[in-house]
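The chain contents come next:
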Amino acid sequence: MSVIASTDPRTSGTRAHYTISEVAALTGLSAHTLRWYERIGLMPHVDRSHTGQRRFTERDLGWLAFVGKLRLTGMPVADMVRYAELVREGDHTRDERRELLETTRRDVLARITELQDTLAVLDIKIGHYGTACGGTPS
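Basis of the calculations
Residues numbered from 1 in each chain as written. Predicted model: local features only at pLDDT ≥ 70, side-chain atom pairs only at ≥ 80, totals over all residues. Heavy atoms only, no water. Phe/Tyr/Trp six-rings, centres within 6.5 Å; stacked < 30°, edge-to-face > 60°. Buried < 20%, exposed > 50% of the residue type's maximum accessible area, 1.4 Å probe, protein only. Helix = DSSP H or I, 4+ residues; strand = E, 2+ residues; numbered from the N terminus. Expected span 1.5 Å × (residues − 1). Contact = heavy atoms within 4.5 Å.

I'm lost on the packing of aromatic side chains in this one. Help?
Aromatic rings considered in pairs are described by the distance between their centres and by the relative angle of their planes. Inspection of every chain in the model, using the stated rule, returns four aromatic pairs. Aromatic side chains Trp-36 and Tyr-37 sit 5.8 Å apart centroid to centroid with 45° between the ring planes, which places their arrangement in the tilted category. Trp-36 sits in the partly exposed class, given a relative accessible area of 31%. According to the relative accessible area criterion, Tyr-37 is buried, its value standing at 4%. Here the aromatic rings of Trp-63 and Phe-66 are separated by 5.8 Å at their centres, their planes lie at 50°, and the arrangement is tilted. With Trp-63 and Phe-66 both in helix H4 (residues 58–73) and three residues apart, this pair spans about one turn of that helix. For Trp-63, a relative accessible area of 4% translates into the label buried. By relative accessible area, Phe-66 is classed as buried at 15%. A connected cluster of aromatic rings, assembled from ring pairs, spans Trp-63, Phe-66 and Tyr-83.

And the structure:
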């Protein structure tokens, strides 16, 4: 099942639509950021009410949660937008989407290794201060 597969609100007990302020409150993103995501193509088409107000769905919330994870990986915005474009283009882009995610995964693993090395240095320093100051090593 796709990360952005829709959820039927009638069967899941969820609401059918959310306003931009409700989505901002739920996601921690500002309304400005949500509009920007839509403008640059990171957000799929968001339905509008007859008065032009954005009406976000559970599917949109799921997509935003996924985008949030991509942001945490450090994936460049341009790559996130490219991924979103590929999703919209359809199933024939699966290989390219997978490659984008695999590249990001490799980058994350490299960053984790760097952070573990940094943590080891901090632990040594902390241990040094513990023994140098008359305390016990940690």
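Structure shown, so let's carry the discussion forward.
Mind showing me how you'd approach helix H6 (residues 94–132) here?
In an α-helix, one full turn covers 3.6 residues, which means residues spaced three or four apart are oriented alike. In this model, H6 (39 residues) spans 56 Å end to end at C-alpha, consistent with the 57 Å of a helix rising 1.5 Å per residue. Arg-97, Leu-100, Thr-104, Gly-127 and Gly-130 are the residues of H6 that are buried. Contacts from the buried residues of H6 go to H4 and helix H5 (77–89).

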